[in-house]
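# An overview of the molecular structure
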Amino acid sequence: MTPTDEQRAATEAFQHNRLLKITAFAGAGKTTTLQLLAETSSERGLYLAFNRQIAVHAQKRFKTVDCRTTHSLAWRAIQAKRDYSVEKMQGKMSPAALADLLKLEDFKISANVTFTPIQHAHLLARTVARFCQSADDEVCPGHVPHYQRIEKLPPALLASTRQYAAERAADLWNRMTHPEDPIALGHDGYLKLWALGKPRLPFDYVLLDEAQDTNPVILETLRAQDCRLVVVGDPWQMIYEFRNALNAMKALKGGANTYLTQSFRFGDALASEASKVLSTLGERKTLRGNPALTTEILPEEEGAPDCVLARTNASVMAETIAALAAGKSPYILGGTFDLKRMLIDVTALKSGRAAMSPDLFGFKDWDTVTGFAGSEEGQDLTAFVKLVSEHGEDALTQAIANTAASPGQAQITIGTAHKAKGCEWNSVRLCRDFLTQPVLTRKSSADPEIRLFYVAMTRAKRALSVDPEMMAIFTGDRSSTDASSVPPPQTCASHASTHTGAPKPEPKPDFMNTLFNKAARRRANE
């Protein structure tokens, strides 16, 4: 292919700078650009990919560059230096098993806040996980997760709680690193152990992809290398802040800056709308579409989408039920584990047991969840609570079990925008649950929500089906003060049924009745 002017500029900057930062908008050919950079050098190069699948695909394109993930680098190095078994390296341990092994008891923080042994174990495990993702050498109170139940404590009690959790988590980390202890390191654990060893990479230059979502532990390791560094990514696709990710292009000071603003994925119509969204975030450059492609922007009820993207797992579940009721075979992007775990937790909470899924962790029972879902802060759970109320967790579990095992076996893909990162489809429909209260009121906290919408809308190549009113709010064509007539986000679940032609939830559709009866019979036989 003939390089664009922007790609030539990046190649030129690579020749003369020790640090190069490339801002690449959605679909702008960043991997191709990195390939062009590598072809200009005879030195030893390393391409670091976001996941293994991308690394394997990239290796077919990069002839003289080693394409890896940071985890694969760490795995090889730790295996060579430590006498760890495979199970020790990559094993997992449930909070229940960890609580039993650590002999944990109830953690009574105050008269109103008590963590069960399983929740206690979850707190310590999450603290270690956050430490592993950080650039710090030791576990500290700052690594303790910000759970609502403890964030509302008085300052002195909150500080002592965090100190206690950090000390116990440090003990847990020491056990994880001991070769004979049954507690596994896990993937984040061996990556952290590798980083703590201050590794020196045997390469003359490193190409870091998806740099806008870089763990501090990785960034610090790369910062310490004595080689050229190229970081490429889209700051407006930074959607993993909740995992403590940071934008490496902003964190690294100095160096040269170049841009890739020409998208090869979609046409001018979608590029124009995406540019408007970016402008509300402060971006001054314009995302340009591919003049050889035509991409339609359709009302959400039109089109035949290959993929439906939502903001929450609850909406994914609603869309899955609607697709099954309409006779379509859906594939859930990224697998069904998260949805199954939420439904298992519903049963647990109804029985007075602890929940472990991130969405439901910390609630003492199901009534507390339903009460929280009725508040402004709990709007993400509103659709999920409604689904459970209408259909029951057993029937929902049965519905999820009926989904396709792979995209090739499905008629439609359904998933969250987070799981869709790096993917593309010919035709995409967006759920209404992207329209959250912070977006409607244009609070500063809306920025992550707007970035997530930008990621979702730019997965489409030929057609994007989206509610026009919602699009107008995200693009700034309609002010938030005019948004009172826009349907609230929780209507996404009921809209899924009407869009696919399935019967409305009341009375319960025949399809769901069948699943409900199957689940009831299974329960009766247990």
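Within each chain, residue numbers correspond to sequence positions counted from 1 in written order. The predicted nature of this model means local features are confined to residues of pLDDT at least 70 and side-chain atom pairs, given and counted, to a pLDDT of 80 or more, with totals for whole chains, interfaces and linings taken over all residues. The basis for every side-chain value is the complete set of non-hydrogen atoms in the structure, without hydrogens or water.

## Focus: the sheet that holds strand β14 (residues 460–465)
Basically, it comes down to this: Whether two strands pair depends on DSSP finding at least two bridges between them. Secondary structure elements are defined from DSSP: runs of H or I of at least 4 residues count as helices, runs of E of at least 2 residues count as strands, and each element is numbered from the N terminus. With axes taken as lines fitted to C-alpha atoms, and helix axes fitted only over the stretch in contact, angles between N-to-C directions fall between 0 and 180 degrees.
Across the sheet, which stays open at both edges, the six strands sit in the order β9-β14-β13-β10-β12-β11 with parallel pairing between neighbours. Bordering the open sheet on either side are β9 (296–298) and β11 (330–332), each of which pairs with just one other strand. Neighbour-to-neighbour, the strand axes of this sheet turn through a mean angle of 25°, independent of strand direction. Pairing geometry for β9 and β14, over three bridges, is parallel. What sits directly across from Ile297, in β14, is Leu464.

## Focus on the state of the cysteines
A disulfide bridge is the covalent bond that connects two cysteines by way of their sulfur atoms. What counts, and what does not: In this description, the term disulfide denotes a pair of cysteine sulfurs within 2.5 Å.
Enumeration according to the criterion identifies zero disulfides in this entry. Cysteine Cys132 shares no disulfide, and the gap to the nearest cysteine sulfur, in Cys140, comes to 13 Å.

## Looking at the side chain of Asn215
The criterion, for reference: Any two residues having at least one pair of non-hydrogen atoms within 4.5 Å are treated as being in contact.
Looking at the secondary structure, you find Asn215 in the loop between β6 (205–208) and α11 (216–223). Once residues lying within four places of it in the same chain are set aside, the contact partners of Asn215 are Gln133, Arg243 and Ala245.

## Quick word on the domain arrangement of the protein chain
Going by this rule: Marked domain ranges trace back to an automatic or database domain assignment. Accessible area, probed at 1.4 Å, shrinks when two parts are joined; the buried area is that loss added up over both.
The domain boundaries assigned to the protein chain delineate domain 1 (5–78 + 192–262), domain 2 (108–183) and domain 3 (273–480). Look at where the C-alpha atoms of domain 1 and domain 3 centre, and you get two points 29 Å apart. The interface of domain 1 with domain 3 comprises 18 residues on the first partner and 20 residues on the second. Both faces considered, domain 1 and domain 3 share a buried interface measuring about 1,700 Å² in area, 57% of it formed by carbon and sulfur atoms.

## Concerning the packing of aromatic side chains
Heads up, the condition is: Within 6.5 Å between ring centres, the rings of Phe, Tyr and Trp (the latter by its six-membered ring) count as paired, and their orientation is classed by plane angle as stacked under 30 degrees, edge-to-face over 60, tilted in between. Only protein chains enter the accessibility calculation, which uses a 1.4 Å probe. A residue is then buried if its area is under 20% of the maximum for its type, exposed if over 50%, and partly exposed in between. For a ring to carry a charge above it, either NZ of a lysine or CZ of an arginine must fall within 6 Å of the ring centroid while also lying within 35 degrees of the normal to the ring plane.
Counted according to the given criterion, the structure contains 11 aromatic pairs. On the numbers, 5.1 Å between centres and 25° between planes, the contact of Tyr47 with Phe62 is stacked. Here Phe62 lies in the loop between α3 (52–59) and β3 (65–68) and Tyr47 lies in strand β2 (residues 45–48), a separation of 15 residues in the sequence. An identical accessibility class is assigned to Tyr47 and Phe62; each is buried. Ring geometry for Phe107 against Phe115: centres 6.5 Å apart, planes inclined by 90°, an arrangement best described as edge-to-face. Of the two residues, Phe107 and Phe115, both sit in the buried class. Within the aromatic cluster, the residues linked to one another by ring pairs are Phe107, Phe115 and Tyr164. In this structure, Arg228 packs its charged tip against the face of Phe14, placed 4.2 Å from the ring centre. Seen from the ring of Phe50, Lys421 lies directly overhead, with NZ or CZ sitting 5.1 Å from the centre.

## With respect to the packing of helix α17 (residues 379–391) against helix α18 (residues 393–401)
Quick note on the threshold: An angle below 35 degrees is treated as roughly parallel, one above 145 as roughly antiparallel, one from 65 to 115 as roughly perpendicular, and anything else as oblique.
At a minimum axis separation of 7 Å, α17 and α18 run at an interaxial angle of 105°. One element, α17, and the other, α18, form an angle in the roughly perpendicular class. Where α17 abuts α18, its residues Leu387, Val388 and His391 lie against Glu393, Ala395 and Leu396.

## Describing the nonpolar core
The condition is simple: Residues belong to a common nonpolar core when they are buried Ala, Val, Leu, Ile, Met, Phe, Trp, Tyr or Cys residues joined through side-chain atoms within 4.5 Å.
Among the nonpolar cores identified, the biggest contains 59 residues, and Phe115, Ile150, Leu172, Trp173, Leu201, Val206 and Leu222 are the most heavily contacted of them. Ranked by residues supplied to this core, first place goes to helix α9 (residues 155–177) with seven residues. Setting aside anything within four residues of it in sequence, one finds Leu172 in contact with Leu98, Leu102, Leu124, Ala125, Val128 and Ile183. In terms of nonpolar packing, the next biggest core, distinct from the first, is built from 44 residues, Phe266, Ala271, Trp425 and Met471 among them.

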